[in-house]
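Fold and contact review
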Amino acid sequence: MMKSKADEEDYWNSSKFKAFTFDDEDDEFSRLKESKQAVNSIRRLVEEDDDEDDVEKVSWSGEPVGSKTSLFKTNPDDLSVRLYAPELRKPKSEYKDYVSDWSPEETIQRMQQGKAFSLEKFRSLQDKLLLLDFAVSAHDGNVITAVLIYLKRTLGKEVLFRELESRQTALRHLIQYLTETRDQRLLLELLRSLCRTGPCTTGREHLSITDENKRRDFLKSCLSLPFSPEDSAHVQDHFTLLERQIIIEATDRQAERGGKVEIFQKFPRRASILNMPLVTTLYYCCFYHYTEPEGTYSSSLNIRQTFKISEKQYFVTALAARAKLKAWSDVDALFTSRNWLGFTRKKSPLSFQRVVDILQKNSAPTQVLQDYVALVDDAELRISLAQKHKCHDIVINTYRDLKDRQLLLGYRGKVERGSAEERKIDELLNNPRRRWK
Amino acid sequence: MSERCPVPLLWPRMAHSARRDSPELPDFSLLKRLARDQLVYLLEQLPGKKDLFIEADLMSPLDRIANVSTLKEHEVDKLYKVEYKPITSTSDQLCFLIRPRIKTVKWICDVANADKATGKFRRYKIIFTPQKFYACEAVLEEQGIFGDVTTDEWAFYLLPLDDDIISLELPEFFRDNFLAGDQRWVRTAGSALHLLHSLYGPFSKVYGIGRCSKMAYESWREQVAEGEQRTRQAEIGRVFLIDRDVDFVTPLCSQVVYEGLVDDIFRIKCGCVEFGPDVTSDKSVKVMLNSQDKVFNEIRNEHFSNVFGFLSQKARNLQTAYDKRRGMDIKQMKTFVSEELKGLKQEHRLLSLHIGASESIMKKKTKQDFQELLKTEHSLLEGFEIRECISFIEEHINRQVSMIQSLRLLCLLSITENGLMPKDYRSLKAQYLQSYGVDHLLTFANLRHLGLLVEQQPGETLTVMESKVGKLVNDKTAGKLTDAFSSLARKSNFRALSRRLNLVPKSGEEYDLRVPRDMAYIFSGAYVPLSCKLIEQVLERDGWTGLEEVTKLLNGNEFAVTGSNGADSKAKNDAQRIILVMFLGGCTFSEISALRFLGREKGYKFIVVATAITNSSRLLESLLDNHV
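Residues numbered from 1 in each chain as written. Chains lettered and ligands numbered in written order. Predicted model: local features only at pLDDT ≥ 70, side-chain atom pairs only at ≥ 80, totals over all residues. Heavy atoms only, no water.

Taking an unreviewed UniProt entry as the reference, chain B is identified by name as VPS33B late endosome and lysosome associated belonging to Dicentrarchus labrax. Here chain B is described in UniProt, under the heading Sequence similarities (unreviewed entry), as follows: "Belongs to the STXBP/unc-18/SEC1 family." (UniProt positions renumbered as here; feature names shortened; annotations may be inferred.)

The name recorded for chain A in an unreviewed UniProt entry is Spermatogenesis-defective protein 39 homolog, from Dicentrarchus labrax.

Put into structure tokens, the structure is as follows:
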């Protein structure tokens, strides 16, 4: 059945392949009816082409008119039996097709041009594949998909899938068609047969599930699928997270309704935590459950442990959440580390410039901001941040340390008249013991 | 169609070497007239009163072609937007104007079947634009509606958005063609080209690069062969076709030229933008942005840093013009009011709009540390301080700053670095999924498939593996495996291309953005857009000769074909300098600005035909999968 590539090519070039064999009459008859139906329906869609040749002008509303009758008509004078009924003398196998004699190539061309055509006569696997291959080489996705729809209808899945494996372009068209028509079942079958169970298929399926419990169960079933080790870890995490969210959501919803937990009263939840990303969940836990012991499911430390969240990520999120709540002591505690002698100092996995940015976005007051602006190493950057956030003390101290009288004098004009800052500047400027550059 | 504006204020200062003898652009309003006439004809095919349902994304394009009164004249009673819900129309004739999408056709089948179930008789007509697909008809057949509806095609391929921009308004072209590998729009692109060829051709030379370009070119040739040929005076001489995947770097960069910036921030839709209260300090207004807007026309191609200066100069001039009134006698005043005042008022309105827009842009950009973002982009383009760039991106992700923005930077990193180191790839991907959701596993799969965000594959390992596999299995399978590997390892080769084509000027050199010396000005002098550089080079060489190394780095598929009338091209010299550039998969406003600059330098006029106007957000959003 299968021919090698070279054979196939020879075959295309050498013949137009028109003859069809029908073993029994029933088959032929039903085929004729099929074709007739198909063509009739097509006539309605396709606009009449006035430049068509004779064959296409044939009317299908009445009796089927094919090559045999036209032959008869062209010889009306000769009444010999031979010409009167030439078909009777021919072996059945030489019967011409009733619809047309268009080759696969011609059929594809007609499809591209929007002319009438019929695919029903292409019944052998070889013909179907020729049709497909011509469609692919014509680069017309519309026609490729049309042929695939026909093949999908007339070929067994196993055969179709097998043939598509070596025809990547056609395969991608079928995948796209099944995706668009939302034929999930066949799509999954196709991808499984190609060993392509990747994120593409399962992901789409997953997204269509809205109920969280069903979603969780589905995810669990996904865990056994052949993902890459890396992706399978992500799917596992996703599953664990969703499980966790379901528990937290149930508890917190109840707590919120009960009206006894202060934080939910003060800051009502804007949305459910279900299906939120991990970092959002972490933020949520830092916001509502920050003080919980590490043992509870909703504790932020527990989340950090379970999902191996990086120090930086945890820090950024906790900082934003606690700043939002204006829990400045918590913010302060985040930075505090003790060395072995018991001294404390402020440390951050994030540049202090960013820290200031995060705090400022969460509308931290100047007193808080200036503690962190002061920790910015680079003097120039520190001054520009201090000026931006009106941390006058820092600007003044920096200028003092730089021994720059001019700048300090200039800055005097920028602070409020009669303010403490102005007084501080004046003191510095008027201090005779101070040395300037 | 439109009068060309007099010598623009800025250009002489921008480019001294600009040639002034640029040829006139063809009149593309003809395309609109054709589309309108055809639509009217189709509406007349369903005589009597009817309700018209329009697909949401066709509403703006339709609006540019035919207004409501034209529709009413042809007995359209009520207009509805397709919303995939049961309908409330009581008309006994329904007409649907849609894109050939299965989802929409299914909805129409639901409407018709619901009518059948309640015994309601109506007539239905579907007008597909720009063409119908067999798959859509198959849906009609499956749902038992075939024959109950009549179908037609509205061959509305091309919408002129401006004097030199034509859009196919097919944003899905990008995803369908490049991600899904579905070639449904190839013939559409060929037909669009065919239409332009028969109206403004014959083209004497066609250049192109990319698989899709090649296919579209072939489709066009076939359509030319099918139809009859007319000889006429050519208005467009040369054509350049380019696939979007030839150059992903350019659309991923932040736009800093005014028109591109407005698109990045406010999203220009079908040549129209909606400015909100933050711009107008009043209610929202919709503004058409094209060369008819005299103020916009002068700043659209300018680097944003020049825009404020220009606008304030303009405001001073306006004040002077208003001030002329003082000391006028009655007669002079009368002339002033009748001749100048209206124009001045119009200019006043436009000026305050664009000043408002610029202010709003400034505010938004300062808020998100635009300077630092640009610095990172430029470092990536230059291949400089990559570690710092990675930690910048990481912080972006950690702080859950815009999901698209983070993705954009990741892709830019991957393309410029020819893939991420495995360790970085894994860690950034994991952090991304943590910040924006595991659903983005699909996004990552898509980006990998397109070669936009990949893990570095050590070249040697690949070949060793291939040859080992090759020995084990037969040739056919080995070939398939090689395909699979090479698609995974699709190299972007950005660095090599950048060196060869000199895309990234040496840093440290001063670049005066007010006097641009090359197309790099559209990215603050940091990068010459690859797509436009290719066009420049090919036009200069009249083909790909001498660019063999470059095309090899771009995965080949280049072509240059001389048409039948190529020989006597000297006679129609003007047409030879009108060049149509077709971007398959979308084009950005920055690229259009760069081409306009190139045109002024070389005395060309470029006409940009795009399947859609794109930018980094649109490009990446089309690759997300969480909209299913």
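Having put the structure on the table, let's press on.
Turning our attention to the overall build of chain A. Within chain A one finds 26 helices and 2 strands. Expressed as a percentage of the 437 residues in chain A, the buried residues total 43%. Here the analysis covers contacts within chain A between residues at least 6 apart in sequence; of these, 52% occur between residues at least 24 apart. Of the roughly 24,600 Å² of accessible surface on chain A, 50% is carried by carbon and sulfur atoms. (Helix = DSSP H or I, 4+ residues; strand = E, 2+ residues; numbered from the N terminus. Buried < 20%, exposed > 50% of the residue type's maximum accessible area, 1.4 Å probe, protein only. Contact = heavy atoms within 4.5 Å. Areas by Shrake-Rupley, 256 points an atom, 1.4 Å probe, with all protein chains shown as cover.)

This brings us to the interface of chain A and chain B. With 55 residues of chain A in contact, the opposing surface of chain B contributes 57 residues. Summed over both sides, the interface of chain A with chain B buries roughly 4,900 Å², with 50% coming from carbon and sulfur. Connecting chain A to chain B are 6 salt bridges. In this structure, the salt-bridge partner of A:Glu180 is B:Arg184, at a minimum N-O distance of 2.6 Å. (Buried area = accessible area lost by both parts, 1.4 Å probe. Salt bridge = Lys/Arg side-chain N within 4 Å of Asp/Glu carboxyl O.)

So, about the packing of helix α14 (residues 304-323) of chain B against helix α15 (residues 330-367) of chain B. Residues and elements named next belong to chain B. Direction vectors running N to C along α14 and α15 enclose 155°, while the axes themselves pass 10 Å from each other. In terms of orientation, α14 and α15 fall into the roughly antiparallel class. As α14 runs across α15, the sense of the crossing is left-handed. Taken together, the residues of the contact of α14 with α15 break down into 15 nonpolar, 3 polar and 4 charged. (Axes fitted to C-alpha atoms, helices over the stretch in contact; angles between N-to-C directions. Parallel < 35°, antiparallel > 145°, perpendicular 65-115°, else oblique. Left-handed = near helix turned anticlockwise from the far one by under 90°. Nonpolar A, V, L, I, M, F, W, Y, C, P; charged D, E, K, R; others polar.)

Residues and elements named next belong to chain B. Reading across the sheet, the 7 strands line up as β6-β7-β14-β13-β9-β8-β12 and stay open at both edges, with mixed pairing between neighbours. Each having just a single partner strand, β6 (159-162) and β12 (558-562) make up the two edges of the open sheet. Recorded for the sheet is a direction-independent mean angle of 20° between the axes of neighbouring strands. Pairing of strand β8 (residues 205-209) with β12, which is carried by 5 bridges, proceeds in the antiparallel orientation. Looking at the pairing, Val206 lines up with Val561 of β12. In this fold helix α8 (residues 186-200) packs onto β7 (165-167), β9 (238-243), β13 (578-584) and β14 (605-610), with an angle of close to 165° to the strand it touches most, β13. (Pairing = 2+ DSSP bridges.)

Of all hydrophobic cores here, the largest spans 242 residues; its most connected members are B:Trp154, B:Leu196, B:Tyr527 and B:Met582. Non-local contacts of B:Leu196, meaning those with residues more than four positions away in its chain, are made with B:Phe28, B:Leu31, B:Leu158, B:Ile166, B:Gly201, B:Phe203, B:Leu580 and B:Val609. One finds A:Phe307, A:Leu359, A:Val368 and A:Leu385 within the second-largest nonpolar core, a separate group that totals 56 residues. (Core = buried A, V, L, I, M, F, W, Y, C linked by side-chain atoms within 4.5 Å.)

Each aromatic ring pair is characterised by the separation of its centres together with the angle its planes make. Taken as a whole and judged by the stated rule, the model has 34 aromatic pairs over all chains. Where B:Phe266 meets B:Phe275, the ring centres are 5.1 Å apart and the plane angle is 90°; that geometry is what we call edge-to-face. Just above the ring of A:Tyr314 sits the side chain of A:Arg304; from NZ or CZ to the centre is 4.5 Å. (Phe/Tyr/Trp six-rings, centres within 6.5 Å; stacked < 30°, edge-to-face > 60°. Lys NZ or Arg CZ within 6 Å of the ring centre and 35° of its normal.)

All right, on to the sheet that holds strand β3 (residues 93-98) of chain B then. All names here are of chain B. The sheet built from 5 strands is open, its strands ordered β2-β1-β3-β4-β5 with parallel pairing. Of all strands in the sheet, those with a lone pairing partner are β2 (76-81) and β5 (149-153), marking the two edges. Direction aside, the axes of adjacent strands within the sheet are offset by 20° on average. As defined by bridge partners, β3 adjoins strand β4 (residues 123-128) across 6 bridges and the pair is classed as parallel. Across the sheet, Gln93 pairs through a bridge with Arg123, a residue of β4. In this fold helix α5 (residues 102-117) packs onto β1 (50-54), β3 and β4, with an angle of close to 170° to the strand it touches most, β3.

All names here are of chain B. By the secondary structure assignment, Glu377 is in helix α16 (residues 370-382). Looking at Glu377, its side chain comes within polar contact range of the side chain of Ser254, at 2.5 Å. With near-sequence residues (within four places) excluded, Glu377 lies in contact with Cys253, Ser254, Arg408, Leu409 and Leu412. (Polar contact = N/O pair within 3.5 Å; in protein donor to acceptor, adjacent residues only side chain to side chain.)

This paragraph deals with the pattern of salt bridges. In total, this model carries 52 salt bridges over all chains according to the counting rule given. For A:Glu120, the salt bridge identified is with A:Arg153, shortest N-O distance 3.1 Å. A residue pair is termed long-range when its members are at least 10 positions apart, and A:Glu120 in the loop between α7 (104-113) and α8 (125-137) and A:Arg153 in helix α9 (residues 141-154) qualify at 33 residues. For A:Glu120, a relative accessible area of 14% puts it in the buried group. A:Glu249 is the salt-bridge partner of A:Arg269, the closest N and O atoms lying 3.1 Å from each other. In this pair, A:Arg269 is assigned in the loop between α16 (262-266) and α17 (278-288) and A:Glu249 in helix α15 (residues 229-258), connecting sequence segments 20 residues apart. Among the residues examined, A:Arg269 registers a relative accessible area of 14% and is labelled buried. For A:Glu249, a relative accessible area of 3% corresponds to the buried category. Each of the salt bridges in this network shares a partner with another, and the network as a whole consists of A:Lys312, A:Arg354, B:Glu372, B:Glu394 and B:Glu395.

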